[in-house]
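# Descriptive structure summary
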Number of protein chains: 2
Amino acid sequence: MPEQSRGPTDGLMQPRPLTVAHVLERAERLYAHKYVVTAEGRRLTYAEVAEHARRLATALDAHGVPAGARVGTFAGNNRRHLEVYLGVPAAKRVLHSINIRLSAEHLEYIVNHAEDDVVFVDRGLLPRIWPSAGRLPTVRHWVVMDDGTGGEIPSDPRILDYDELIAGAEPFTGSFEDAFTLADENLASGLCYTSGTTGPPKGVLYSHRSTVLHTLGTLAAGFVGLRESDVVLPIVPMFHANAWGLPYGAMMAGASLVLPGASAEPAHLLRLMAAERVTVAGAVPTVWTSLAPELRAYDLGAARVLLSGGSAVAPALSETYRAAIGLPITHSWGMTEISPTGVIGGTRTQHQDATEAEQVAVRAAQGQPLPLVNIRIADVETGRELPRDGRAVGEVQVAGPWVAGGYYRVDAPDSFTADGWLRTGDLATIDADGYLRLVDRIKDLIKSGGEWISSVELEGAIASHPDVVEVAVIGRPDPRWMERPVAYVALRAGGTATADELLAHITPMVAKWWLPDEFFFMTALPKTGTGKLSKTELREAARIA
Amino acid sequence: MPEQSRGPTDGLMQPRPLTVAHVLERAERLYAHKYVVTAEGRRLTYAEVAEHARRLATALDAHGVPAGARVGTFAGNNRRHLEVYLGVPAAKRVLHSINIRLSAEHLEYIVNHAEDDVVFVDRGLLPRIWPSAGRLPTVRHWVVMDDGTGGEIPSDPRILDYDELIAGAEPFTGSFEDAFTLADENLASGLCYTSGTTGPPKGVLYSHRSTVLHTLGTLAAGFVGLRESDVVLPIVPMFHANAWGLPYGAMMAGASLVLPGASAEPAHLLRLMAAERVTVAGAVPTVWTSLAPELRAYDLGAARVLLSGGSAVAPALSETYRAAIGLPITHSWGMTEISPTGVIGGTRTQHQDATEAEQVAVRAAQGQPLPLVNIRIADVETGRELPRDGRAVGEVQVAGPWVAGGYYRVDAPDSFTADGWLRTGDLATIDADGYLRLVDRIKDLIKSGGEWISSVELEGAIASHPDVVEVAVIGRPDPRWMERPVAYVALRAGGTATADELLAHITPMVAKWWLPDEFFFMTALPKTGTGKLSKTELREAARIA
């Protein structure tokens, strides 16, 4: 392509930056009457939420929290957390949402690595983090957010009360947005650490630009398409990849938000969904599994999109929802490094005349990339791009303005290609319509006798048995075949399926040499800090067994 | 706000630019089977359109068209024009769409001011521009796009045939998108001149960034919300403010496009809408007026959004549509300087329980700003910002990343505020929900006896009479009152309303001193090059009369 040689170069548009401040101030200007519903059913308008965020900004100044400082949160999905979500980036500090389910070792590593200056913590979660306080030297202030749990608050000069902090500060009355220049859109607005299955957790440092573009992505019609008439329930934690962008997305769109607090109890979530006429909800598959038995007891008729991410949803689970409430589950594929959403599932016009079975198969795919996101698959060994033919299997690589290009203060060259794309570690096909279909995580693939077995596909087959609630298939070291599949299964209450029954059930679905060598029955499968099934724990168990 | 003082500054996201190349390559990857329908009902897939755009890029190279050069188009809404829309910016040239209805004087001024290197022209439009060719020294090539009209083509070495040009070039096989760096997103991608009611036309130079962000705005759910299942009919010309972003928006969303060609004949447009199951269409009010009498003769049941812009739609016209096809007209407010869309109308959840009359009043407002767009009103004399109370009337000012910050190669300091916002020349109120309600153009406001009369409001009252098809109210110079309103009216075929009847009709609706001094009846009112009612011509007539 020739180089620019004469005439105009840059356009003459206003140098307006993309900033989280716009999300806050747009909600104030257009949607002041829309609201957040708390776990207790209390409603706060966006005008109130924004005013608290404006007071928070002044309080950060008063406490000498420098611009660019990391402000940690250790909190569930509640309205004070939302105020911090807004006020911290709008005031040019960096929101570092910390996973509350981490081990003390990882927790301390992360807070020290981020050099958090302040940490906002739910009162009920204080016992999980306060014992580490002595080993977190950068944290000058601990701001306790009263969640009604009534836990004890240590007597310590570093501890502040959130409500007092807010009440004691005047609201910032200027425009946060106007305080940003165009170059500032690249300032860091958020920081999330990956769960770190290998090595220490790694931080993804989001910019205002990447966050706003991802937020616009959540508004794109035909994908999630958040809109003013929505009522959005992020069940996925706000400390996990920014709750998939739902809090910022809802406020940008003018939708109301339902923040369910700390409880993931099925009856609590279902009551909220019915009472608040929730239209969009997002959760990991294990949560959707836990709600499934009670679906018909609630009026979920307002629901429009049920998003599931973190790992693949078995078609059987999605079809359970479709049968019970007329709405299948929609795949949302991504990861912390993708802000987190890259791909959204569902059928398109070309599937209108497809058979029901074909539509189920389309919905079982992860879906198509959002606008601005590019995906490709590459040969794991050579790195060569593979065809989009729905058959070639390769590692998924992702490019886009809301995709990480590096990790915070750590080199990880293996995570990125030479041309700057993210290597995801997921194996998939891409078809001619651009649909991504996950085959497996590279590390979850089972190598048996020189051939690959997809644990995801085997799990889907086993999960289609009506007695099965949870299933995980891993590769057990095997002297002859290198690895052989074994399955861990949790049955529904009253379920009676045996290993032989499950084998008979899946035999028509998979190749004979894919059949698991053994089935282990458990009451519940082990989970990671983000609620995903923990194959690491199962692998350790299998190694010992 | 404190300055960034320590810790991370910029986020670590991929430096991926926002470019029109992404729109093209996304359509290739995900929506290759979707299509453009031509005026003759022919279908071309996006794969074909994209391949032609790829050949066009190579042809531009072969003909020595430098990067950054302005490439003019003088064409209607057709598929070749769409190919140029895509191929020119993707290949880093600047798309300059020229209004085909300009006077020769303005046309020559614009092409010379833009220094167009090449002009792509519909064969049927050649007679309108070829006589100027000798006075357009920068244009090295004229590429004629055969539109089936069979007009004569002069024998001149500068004239090339579009189809031969495309057939003779190999398609560019690389990634256009990958040829852009982050800084390149500010490169100019498009150029549109305003119609220039005062002084010479002024050019708005769009960047790739502004164009892509505006395109994302057309996808925002709850506003226009273009989606894959849409079939989009831009009746608004592609030479007029980029057809309101509908061509790029449709391709980004994966929607199909119906390009109606040169004819604005009501039966032609209605046939296309019915036959192609059009879901979204955009046109100026005069077009919607022309379609209104025939609505019930066609099945328009697929329609989802009928956008109207350029000037306010009388509520009576919108209600005619609602009565006939169950769908009111949606306001789209903007201008060439806003890419062009700033504000979209319609009701929101807070109006669900409103009376029908209240909902009509909400739909008569211009609406709320799209994400990323900020609007405010300011006192015309002092420039002071006015309250958002639905009562204070001031000039609308606009800020946002797709809003012009200057004009191409001309100083126009009066068009922008000291803090860089666009001064629109429109007078309006903004209410507490952020709804913009136009009162008038500053220059169309009538000053009578020291008080202002809104010509828009008077026109709305007169247009609510069933016999009235078109109406314009202007201020006629008056020795005693300075100005007095006079009305120009076109009646429907068979309409019998007299001046006295119209006066009686509007007397209950407006202040007594607003009543027009005189009514003039015409068969049709004069229009500008973009199809808006031309008050300039009427003012000249009133001055002479």
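Nothing here was measured: the structure is a model prediction, and the numbers come from that model.

### Some points on the overall build of chain A
Looking only at helices and strands, chain A has 15 helices and 25 strands in total. Taking 545 residues into account, the globule formula puts the C-alpha radius of gyration at 24 Å, and chain A, at 24 Å, falls close to it. By principal-axis analysis of the C-alpha atoms, chain A measures approximately 70 × 70 × 45 Å. Of all 545 residues assigned to chain A, the portion counted as buried reaches 61%. Intrachain contacts of chain A at a sequence separation of at least 6 include 67% that bridge at least 24 residues. Carbon and sulfur atoms provide 52% of the accessible area of chain A, an area that totals close to 19,700 Å².

### As for the interface of chain A and chain B
Facing the 97 residues of chain A at the interface are 97 residues of chain B. Summed over both partners, the interface of chain A with chain B comes to about 7,200 Å²; 56% of that surface belongs to carbon and sulfur atoms. With a closest N to O distance of 2.7 Å, Arg 209 of chain B and Glu 185 of chain A form a salt bridge. Counting only elements with at least two residues in the side of chain A that touches chain B, the list comes to α1 (20-30), β9 (203-207), α7 (208-219), β16 (368-369) and β18 (394-399) of chain A. Examining the composition of the side of chain A that touches chain B, we find that 6 residues originate from one element, α7 of chain A, more than from any other.

### Considering empty space enclosed by the protein
Residues and elements named next belong to chain B. Enumeration according to the criterion identifies 15 cavities of 30 Å³ or more in this entry. In this structure, the largest cavity spans a volume of roughly 130 Å³. Around the largest cavity, the lining residues are Leu 95, Ser 189, Gly 190, Tyr 206, Thr 211, His 214, Thr 215, Asn 242, Gly 245, Tyr 248 and Ser 339. For the lining of the largest cavity, the elements supplying multiple residues, two or more each, are β8 (188-193) and α7 (208-219). For the lining of the largest cavity, the leading source of residues is α7, giving 3 residues.

### Describing the relation of the copies chain A and chain B
Of the transformation placing chain A onto chain B, the axial shift is 0.0 Å and the rotation is 180°, giving an RMSD of 0.0 Å. As the rotation angle and translation indicate, the two copies are arranged about a two-fold axis. With an isologous cut-off of 70% or more, the 100% of interface residues of chain A that recur at the interface of chain B puts this contact in the isologous class.

### Re the domain arrangement of chain A
Many descriptions give the size of an interface as the accessible area lost when the pieces come together. Domain parsing of chain A yields domain 1 (20-32 + 41-209), domain 2 (263-441) and domain 3 (445-544). Here domain 1 of chain A and domain 3 of chain A have C-alpha centroids that lie 40 Å from each other.

### What about the pattern of salt bridges?
Scanning the entire structure with this criterion turns up 72 salt bridges over all chains. For Glu 108 of chain A, the salt bridge goes to Arg 135 of chain A, with nearest N and O atoms at 3.0 Å. With Glu 108 of chain A in helix α4 (residues 104-114) and Arg 135 of chain A in the loop between α5 (126-129) and β6 (141-145), the pair connects residues that are 27 residues apart, well separated along the chain. Where Glu 385 of chain A meets Arg 388 of chain A, a salt bridge forms, and the shortest distance between an N and an O atom there is 3.9 Å. Its relative accessible area of 27% is what places Arg 388 of chain A among the partly exposed residues. One network of salt bridges, with partners in common, ties together Glu 185 and Arg 209 of chain A together with Glu 185 and Arg 209 of chain B.

### A few points about the confidence of the model for chain A
When the pLDDT values of chain A are averaged, the result is 93; 97% of them are 70 or greater. Counting contacts from residues 1-6 of chain A, a segment whose pLDDT is below 50, to residues more than four positions away or on other chains yields 24 contacts.

### Comments concerning the sheet that holds strand β9 (residues 203-207) of chain B
Backbone-to-backbone hydrogen bonds join strands into a sheet, with any given pair of strands oriented parallel or antiparallel. Residue and element names in this part refer to chain B. The strand order β7-β6-β5-β3-β4-β8-β9 describes an open sheet built from 7 strands, whose pairing is mixed. At either margin of the open sheet sits one strand with a lone partner, and together these are β7 (159-161) and β9. Along the sheet, successive strands turn relative to each other by an average axial angle of 25°, direction set aside. Sheet topology note: the strand β6 (residues 141-145)/β7 ladder contains 3 bridges and is parallel. Each residue of the ladder has a partner; that of Val 143, found in β7, is Leu 160.

### Some points on helix α13 (residues 455-463) of chain A
Most of α13 of chain A is tucked away, with 7 of its 9 residues classed as buried. Listed as buried for α13 of chain A are Ser 455, Leu 458, Glu 459, Gly 460, Ala 461, Ile 462 and Ala 463 of chain A.

### So, the pairing of β9 of chain A
Residue and element names in this part refer to chain A. Among the 5 residues that make up β9, 5 are buried, leaving the element largely enclosed by the rest of the structure. In β9, alternate side chains face the same way, and those of Gly 203, Leu 205 and Ser 207 on one face and Val 204 and Tyr 206 on the other are all buried. Bridging between strand β8 (residues 188-193) and β9 involves 5 bridges; their strand directions are antiparallel. Bridge pairing links Ala 188 to Ser 207 in β9.

### Overview of helix α2 (residues 46-62) of chain A
All names here are of chain A. The terminal C-alpha atoms of α2 lie 24 Å apart, and with 17 residues this matches the ideal 24 Å at 1.5 Å per residue to within 8%. Regarding α2, the residues found buried are Tyr 46, Val 49, Ala 50, His 52, Ala 53, Arg 54, Arg 55, Leu 56, Ala 57, Ala 59 and Leu 60. In the stretch just after α2, Gly 64 is the one whose phi turns positive, near 70°.

### Remarks on unusual backbone geometry
Residues and elements named next belong to chain A. Cis geometry is adopted by the peptide bond preceding Pro 340, which originates at Ser 339 and carries an omega value of 10°. Assignment of secondary structure puts Pro 340 in the loop between β14 (330-334) and β15 (341-344). Of note, Met 482 is a non-glycine position whose phi angle comes to about 80°, a positive value. Relative to the elements of secondary structure, Met 482 occurs in strand β24 (residues 482-491).

Rules used in this analysis
- Residues numbered from 1 in each chain as written.
- Chains lettered and ligands numbered in written order.
- Predicted model: local features only at pLDDT ≥ 70, side-chain atom pairs only at ≥ 80, totals over all residues.
- Heavy atoms only, no water.
- Helix = DSSP H or I, 4+ residues; strand = E, 2+ residues; numbered from the N terminus.
- Rg over C-alpha atoms; globule rule 2.2 N^0.38 Å.
- Buried < 20%, exposed > 50% of the residue type's maximum accessible area, 1.4 Å probe, protein only.
- Contact = heavy atoms within 4.5 Å.
- Areas by Shrake-Rupley, 256 points an atom, 1.4 Å probe, with all protein chains shown as cover.
- Buried area = accessible area lost by both parts, 1.4 Å probe.
- Salt bridge = Lys/Arg side-chain N within 4 Å of Asp/Glu carboxyl O.
- 1 Å grid on protein atoms, 1.4 Å probe; cavity = no way out; pocket = protein on both sides within 12 Å on 5 of 7 lines; lining within 4 Å.
- Points joined across faces, edges and corners; volume = space filled by probe spheres on them.
- Least-squares fit on C-alpha atoms with pLDDT ≥ 70 in both.
- Domains from an automatic or database assignment.
- pLDDT = per-residue confidence, 0-100.
- Pairing = 2+ DSSP bridges.
- Axes fitted to C-alpha atoms, helices over the stretch in contact; angles between N-to-C directions.
- Expected span 1.5 Å × (residues − 1).

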